[in-house]
Amino acid sequence: MFRFDHLIRRDMIIREVKQRYPDTVPVFEALHFRTPCDDCDIETVARKNGLNTLDVVTALNEAAFGTKTESEENANNQ
């Protein structure tokens, strides 16, 4: 079962997100998040880079969890 408390949030530290969800690393790279910023939270770095925090968090969650949960896909296939 999918738990919403597992979602990536804007206040999470980048290094922890990369370690817990390795599929997010390409997203961070594409958004030009530099390695020295790994000890900062997502929102701070997004703002410093002129990015919309919600867009960044959405992209990270899609990379980590996909656009649909498994139960949603199963329901659609029946």
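What comes next is a walk through the structure. (Residues numbered from 1 in each chain as written. Predicted model: local features only at pLDDT ≥ 70, side-chain atom pairs only at ≥ 80, totals over all residues. Heavy atoms only, no water.)

1. Overview of the overall build of the chain
Scanning the chain from N- to C-terminus turns up five helices and zero strands. Ordered by position in the sequence, the α and β elements of the chain form the string α-α-α-α-α. A fraction of 57% describes how many contacts in the chain between residues 6 or more apart in sequence connect residues 24 or more apart. Accessible surface for the chain amounts to roughly 5600 Å². Of this, 48% is attributable to carbon and sulfur atoms. (Helix = DSSP H or I, 4+ residues; strand = E, 2+ residues; numbered from the N terminus. Contact = heavy atoms within 4.5 Å. Areas by Shrake-Rupley, 256 points an atom, 1.4 Å probe, with all protein chains shown as cover.)

2. Regarding the packing of aromatic side chains
All told, the structure shown has two aromatic pairs when counted by the stated rule. Ring geometry for Tyr 21 and Phe 65: centres 5.3 Å apart, planes at 65°, overall edge-to-face. In this pair, Tyr 21 is assigned in the loop between helix H1 (14-20) and helix H2 (25-30) and Phe 65 in helix H4 (residues 53-65), connecting sequence segments 44 residues apart. A relative accessible area of 12% means that Tyr 21 is categorised as buried. Assessed through its relative accessible area of 26%, Phe 65 is described here as partly exposed. Note on Phe 28 and Phe 33: the rings are 5.4 Å apart at their centroids and 50° apart in plane angle, and the pair reads as tilted. For Phe 28, a relative accessible area of 1% corresponds to the buried category. (Phe/Tyr/Trp six-rings, centres within 6.5 Å; stacked < 30°, edge-to-face > 60°. Buried < 20%, exposed > 50% of the residue type's maximum accessible area, 1.4 Å probe, protein only.)

3. A short note on the environment of Asp 38
Among the secondary structure elements, Asp 38 is positioned in the loop between H2 and helix H3 (42-48). For Asp 38, a relative accessible area of 5% puts it in the buried group. Residues Asp 38 and Ile 13, 25 residues apart in the sequence, show an inter-C-alpha distance of 7.0 Å. Excluding its chain neighbours within four sequence positions, the residues that come into contact with Asp 38 are Ile 13, Ile 14, Arg 15 and Lys 18.

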